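Structural features, examined
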Amino acid sequence: MTYSPVKMKSSAAFQWIEYIHVPLVITHSDLQIIQCNRVFLCFFGVEEDQVLSKSLKEFFPSINKDHWTVTTNHFSELFSNDEKIRLASESLPGGELVWTITIIPENESFSILRNRALELAKLGFWSYDVESQKLIHDPQTKIIHGILSSENLVVDEAINFYAEGYSREKIRILFDTCIKKGEPFDGEFDFYDLKGNKKRVRAMGEAFFNGSKVIKVFGSFQDITESHERTRKIEMITSCIPGLVLEMKSSRIGYQINYINNSCINYWGFSSEEIVKTQDYFWQHLSLESRVNLELKLNQSKSDGLIFSCLLELTIDLQNIKYLRGTWAVRKEKDGYCWDAVLIDHTQEVLAEKSSFFSQHRFLNLVNNIDGLVFTLDKNLRFTGFHGNLLKSFQFNPERALGIKVDGLTGPAEAKIHRTAYEDCLRGEKVSYDWDFNEGKEKRWLRVSLAPLLDKNGIPCEVVGLANEVTERIRFIQELEKANIRFELAVKATREVIYEIDLKENEIILKGSTKRIFGSQCNGNPISFQDWRNRIHANDSLRINEQLEEFLKIPDKFIWKGAYRLLTNKNKYVHVKDRAFVQRNSNGEALRIFGSVQIVEKEYILKRKLLKSLRRLQEFRNALDSSTNIIITNREGYIEYVNDSTCELSGYTRQELIGKHTRINKSDFHNAEFYQQLWRKILNLEEWRGVLKNKRKDGTYYWVDTIIVPLKNSKGEAKRFLAVRIDITNQQEAQIQLQESFLKLQESETKYSDLFQNSPIPMWIYDQKTYSILDVNLAAQKNYGYSRPEFLELDIFDLRPKEEAETLQKYLQASDRNRYIRGKIFIHKKKSGEKMEVEISSISIKLGNSQSRLVLAKDVTLEKAYLRKIESQNTLLREIAWIQSHVVRAPLARLMGLISLLKDPEIIESEKEEIFKFINSSAEELDQIIRDISDKTHLLD
């Protein structure tokens, strides 16, 4: 950005902002402007008098007023409504806020899309400041509550949105426990928004500590009403399965129930958790005979994989007995045996078996008490009897219907349906059909089952029918069909592949975005399940198949998840996530699998790269903090960051160093010109390398090998300076530490790689037999001018001039006998042909199966040149000193003699003229000598 000079009335406290070349403004916490830089004035085309004391909001009318959130203790961001401008604020030590204004580049639209994604997921965030008791909700959380974006809630108001009873009390306990003890929480709750709409929400919270004290709680808040409703419907379907699913385990005190499904509510009125907790409900309600029989079978069936069946008589109450016929499967575990059982309610069948032994009177009592309707017809299709509790729901007198045909009880159309079924039954067929009829405004359904009764000759003579009301089931099926229609519409819109696997037929039907994997839409067309398995990557196939097969064997498991690589039509493997629901029969046998496959290739690659980068960054930072001094200063040299190693070496605490100028370490060993050259170089965006003598807090001195690197802003200007320093005060100790580091490097290849690659000293490793270079770090590549592939094609002779080959050969023979060698000076050659002097230190290491040597090549060209220059200057000084002591003396002596002659009163005027000529000649000679000396002194610069 270019701008014309503007006269500023800068406060002395904030003069530094004029060095920042982005729009920048400083405000009070109420957004009143204190000061701004020239770039800010140019950005808005205003004068300073038009800015000071005004609110920052006036300059950004496009930002929604509800989005201005100012915080005084951490970084925050604001975006304009058109998402073109970003304001970033950060608090200063005095409580003021410093704001920077930037134009959002197009590549940052990802963060905006991320916010859109959070809105679609109905996911919001919240935070609570313990000290100020201030609760903050983000816009999405406020939308879920149904409150305005400008409204804010206190804690009690927010808790009152939760459903009264369990949800409200539970969230209050979890929230209080998180504040007092710092325990995180995650739960699902019933919730009513401001309009009274019932929702299901998931609330998560985690504590932020200052020492051992919780100072803030933050978390997420998500509307999961839709997914919860889907889960509830699935559970409703599962609950329709008659009978119990349980797991029993042997223990020292007998047999204990580890798990039982919620169908137990239908038998005892208690949840599965209560049954497992007390253990008594199951065993105490078994008849004595059933209990003895079951314990006997359990004792006899302690063999892994054994399966047995058993009929149990279960007394619910004095008038309610259930007969459960179960299949028990035995499996052996480390601490005993487990039995998995599916107990199906066979009460009706058992009672039917026993009914043959009852008298006619007991039979009538039985059929009169069943839930359905039992009726009989003679061969002329006249009704001869009606029994069952279903009669009570019909306003119908059965005695008046005896001897009447169906035509006399229903209309003509319905009578035809029944008569056809009765006639088919009298021909010896078993018939079942559904009958629907209207009762007031409601429609009801009956499932009618007919069976012929045979005479002694085996000829059908009567018809017996059983009618059960199936209204609820039919309505459920209709709702399920509607849900299927909605599901099909959702499948068409999804980007996932939806599948259905028929395990009996070994077929899979695909729906959804099948084109992304198969290259064509194959919705609804079955393919072989094995064809799908063949598309799974070989390294994943065995694992996934074993996991799925083991999962399908467990009768009470329904949700399966997996992640693997799948082959697409482009012959390329992509990472996918697989989530499925398993449909099982009453015995727990898996029949079908319904699931979806989502391609997560980009997410997987991004996550893998991020984790790798974070791991390497943390390893590098740990290694750097433990071995290297790090100092970051601003453009003026005031310290902004130091690591622990710097504090330990200098003797100052971090608080004593932050905000101070680097002169705090100055030892006065180096002159002003030395520092001027240093600053000229780094301000010119060049890297500075050298050795500094500094002073500790206690007055002692230390030496550091230092590299100072300019850190640039987005415009390529030096914004900060990074100084990397190595303590070389005790070189021997440093070398011992280096040897120990090398030994540790051999134990950890990852840590070695980070230290090796990111070391500021050029380093490489070569094979001691072939002399070929095996590895090289970044500093060496930069110093020598070779790329890494080029470097690895070289041997160590290629780095030396040809005339140095013999010297190198002698050095190699000597180094083979010494494990560690340091401080040898050699001439090396860069890729450009430029020669340089390097100080070589090396150590023998084991790399893989080969004996190798790690070489540290410190470039001392500048140091040697500096020393040679000093020697040259010393020679020149000695020459000047000799001139001063010998050459200058002769004309000076003549001048002194001639001047003394002028004092003689007897000298005539003509002789004085002659003496003046000699004085002038000697003065010119002396002047020429002084000029020569002056020219030589210029060579000292």
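These figures come from a predicted structure and were not determined experimentally. (Residues numbered from 1 in each chain as written. Predicted model: local features only at pLDDT ≥ 70, side-chain atom pairs only at ≥ 80, totals over all residues. Heavy atoms only, no water.)

To continue, consider the overall build of the protein. Within the protein, the secondary structure is distributed over 31 helices and 36 strands. When burial is assessed residue by residue, the protein has 36% of its 941 residues classed as buried. Of the contacts formed within the protein by residues at least 6 apart in sequence, a portion of 42% connects residues at least 24 apart. Carbon and sulfur atoms make up 52% of the accessible area of the protein, which totals about 56500 Å². (Helix = DSSP H or I, 4+ residues; strand = E, 2+ residues; numbered from the N terminus. Buried < 20%, exposed > 50% of the residue type's maximum accessible area, 1.4 Å probe, protein only. Contact = heavy atoms within 4.5 Å. Areas by Shrake-Rupley, 256 points an atom, 1.4 Å probe, with all protein chains shown as cover.)

A separate point is the pairing of strand 16 (residues 373–378). Remember that side chains alternate between the two faces of the sheet whenever the strand is regular. For strand 16, the tally of buried residues reaches five of six residues, placing the bulk of the element in the interior. Relative to strand 20 (residues 460–469), strand 16 is paired through six bridges, and the arrangement is antiparallel. Across the sheet, residue L373 finds its bridge partner in strand 20, namely A467. Here four bridges tie strand 16 to strand 17 (residues 383–387), and the two strands are oriented antiparallel to one another. Bridged to F375 within strand 17 is F386. Once strand 16 ends, the chain turns through four residues before running back antiparallel as strand 17, passing L381 with a positive phi of about 65°. (Pairing = 2+ DSSP bridges.)

Read across the sheet, five strands follow the order 28-27-31-30-29 without closing on themselves; strand pairing throughout is antiparallel. Single-partner strands in this sheet number two, and they are strand 28 (639–642) and strand 29 (688–695). Going from strand to strand, the sheet's axes swing by 30° on average, the running direction of each strand aside. The pairing of strand 27 (residues 629–634) with strand 28 spans three bridges and is classified as antiparallel. Across the sheet, I632 pairs through a bridge with Y641, a residue of strand 28. Here helix 23 (residues 672–683) sits on the sheet in contact with strand 29, strand 30 (701–712) and strand 31 (718–727), set at roughly 135° to strand 29. (Axes fitted to C-alpha atoms, helices over the stretch in contact; angles between N-to-C directions.)

Another point: the packing of aromatic side chains. The tally for this structure, following the rule as stated, stands at 25 aromatic pairs. Pairing Y786 with F791 gives two aromatic rings, centres 5.6 Å apart and planes at 70°, and the pair type is edge-to-face. Residues Y786 and F791 agree in their burial class; the two are buried. The residue whose ring lies beneath R584 is F558, and the NZ or CZ to ring-centre distance is 5.9 Å. The residue whose ring lies beneath K693 is Y701, and the NZ or CZ to ring-centre distance is 4.7 Å. (Phe/Tyr/Trp six-rings, centres within 6.5 Å; stacked < 30°, edge-to-face > 60°. Lys NZ or Arg CZ within 6 Å of the ring centre and 35° of its normal.)

Spanning twelve residues, helix 23 covers 16 Å between terminal C-alpha atoms, matching the ideal 16 Å at 1.5 Å per step. As for helix 23, its buried residues are in contact with strand 29, strand 30 and strand 31. Once helix 23 ends, the next one or two residues include L685, with phi positive near 65°. (Expected span 1.5 Å × (residues − 1).)

All right, on to the pattern of salt bridges then. Scanning all chains against the criterion turns up 31 salt bridges. Of the charged contacts, one joins R447 and D434 as a salt bridge, the two residues approaching to 2.3 Å between their closest N and O atoms. Of the two residues, R447 is situated in strand 19 (residues 442–454) and D434 in strand 18 (residues 431–439); the sequence distance between them amounts to 13 residues. Among the residues examined, R447 registers a relative accessible area of 31% and is labelled partly exposed. By relative accessible area, D434 is classed as partly exposed at 35%. Between K443 and D436 there is a salt bridge; the shortest N-O distance is 3.8 Å. Here the residues in one salt-bridge network are E188, D190 and R200, joined through shared partners. (Salt bridge = Lys/Arg side-chain N within 4 Å of Asp/Glu carboxyl O.)

Turning our eyes to something else, we now look at the side chain of N634. Looking at where N634 falls in the secondary structure, it is placed in strand 27. Residue N634 is classed as buried on the basis of its relative accessible area of 17%. A polar contact is formed between the side chain of N634 and the backbone nitrogen of E636, at a distance of 3.0 Å. Here G637 takes part through its backbone nitrogen, which lies 3.0 Å from a polar atom of the side chain of N634. Beyond its immediate sequence surroundings of up to four residues, N634 is in contact with E640, K719, R720 and F721. (Polar contact = N/O pair within 3.5 Å; in protein donor to acceptor, adjacent residues only side chain to side chain.)

When you line up the elements, S852 lands in strand 36 (residues 850–859). On the accessibility criterion, S852 (0% relative accessible area) is buried. In contact with S852, other than residues within four places in its own chain, are I765, Y766, D767, Q768, L774, I843, S844, I845 and L847.

Taken together, five strands build an open sheet; the order of strands is 12-11-15-14-13 and the sheet is antiparallel. Each end of this open sheet is capped by a strand with a single partner; those strands are strand 12 (254–260) and strand 13 (307–317). Strand-to-strand, the axes of this sheet are offset by a mean angle of 30°, without reference to chain direction. Summarising the sheet, strand 14 (residues 320–333) and strand 15 (residues 336–345) pair through ten bridges and their orientation is antiparallel. Each bridged residue has a counterpart across the sheet, and for R331 the counterpart in strand 15 is C338. Taken strand by strand, helix 10 (residues 288–300) contacts strand 11 (244–251), strand 12, strand 13, strand 14 and strand 15, and its axis lies near 155° from that of strand 13.

Of note in the backbone geometry, Q133 takes a positive phi value of approximately 55° without being a glycine. Along the chain, the position of Q133 falls in the loop between strand 6 (123–129) and strand 7 (134–137). Accessibility expressed as a relative area gives 57% for Q133, which makes it exposed. Positioned with a positive phi, L381 is a non-glycine residue whose angle comes to about 65°. Locating L381 in the fold gives a position in the loop between strand 16 and strand 17.

Attention shifts here to a positive patch on the surface. Among the surface-exposed residues, R608, K609, K612 and R615 lie close enough to one another that they form a single positively charged patch. Within the fold, R615 resides in helix 20 (residues 601–627). (Patch = residues over 30% accessible without salt bridge, like charges linked within 9 Å, V, L, I, M, F, W, Y side chains within 5 Å. Lys, Arg positive; Asp, Glu negative; His and termini not counted. Charge placed at Lys NZ, Arg CZ, Asp CG, Glu CD.)

Attention now moves to the environment of T729. Structurally, the position occupied by T729 is in the loop between strand 31 and helix 24 (731–747). Distance from T729 to D705, taken between C-alpha atoms, is 9.4 Å for residues 24 residues apart in sequence. Sequence-distant contacts of T729, defined by excluding residues within four places in its chain, comprise Y702 and W703.

In terms of nonpolar packing, the biggest core is built from 27 residues, with M248, W268, F282, L298, W328 and L343 touching the most fellow members. Per-element tally for this core: the top contributor is strand 13, with five residues. (Core = buried A, V, L, I, M, F, W, Y, C linked by side-chain atoms within 4.5 Å.)

Note that predicted coordinates carrying low pLDDT should not be read in detail. Chain-level pLDDT for the protein is 78 on average; 79% of the residues reach the 70-or-more range. Note that residues 1–12 has pLDDT below 50 and, in this model, 24 contacts with residues that lie over four places away or in other chains. (pLDDT = per-residue confidence, 0-100.)

It is worth spelling out the pairing of strand 15 at this point. Among the ten residues in strand 15, nine count as buried, and that is most of the element. Pairing analysis gives six bridges linking strand 11 to strand 15, with the strands arranged antiparallel. Note that in strand 15 the partner of M248 across the bridge is W339. Two successive antiparallel strands, strand 14 and strand 15, enclose a turn made up of two residues.

Mapped onto the elements of the fold, G659 is located in the loop between helix 22 (654–657) and helix 23. When near neighbours in sequence (up to four residues on either side) are disregarded, G659 contacts Y638 and I639.

Attention now goes to helix 15 (residues 412–426). In an α-helix, one turn spans 3.6 residues, which is why side chains three or four residues apart end up on the same side. Helix length check: helix 15, at 15 residues, gives a terminal C-alpha distance of 21 Å against a target of 21 Å (1.5 Å per residue), a fit within 8%. At its buried positions, helix 15 is contacted by strand 16, strand 17, strand 18, strand 19 and strand 20. G428 sits one or two residues past helix 15 and shows a positive phi near 100°.

Our focus in this paragraph is the environment of Q547. The residue Q547 is located in helix 19 (residues 538–553) in this model. For Q547, a relative accessible area of 36% corresponds to the partly exposed category. Counting along the chain gives 15 residues from Q547 to G562, while the straight-line C-alpha distance between them is 8.6 Å.

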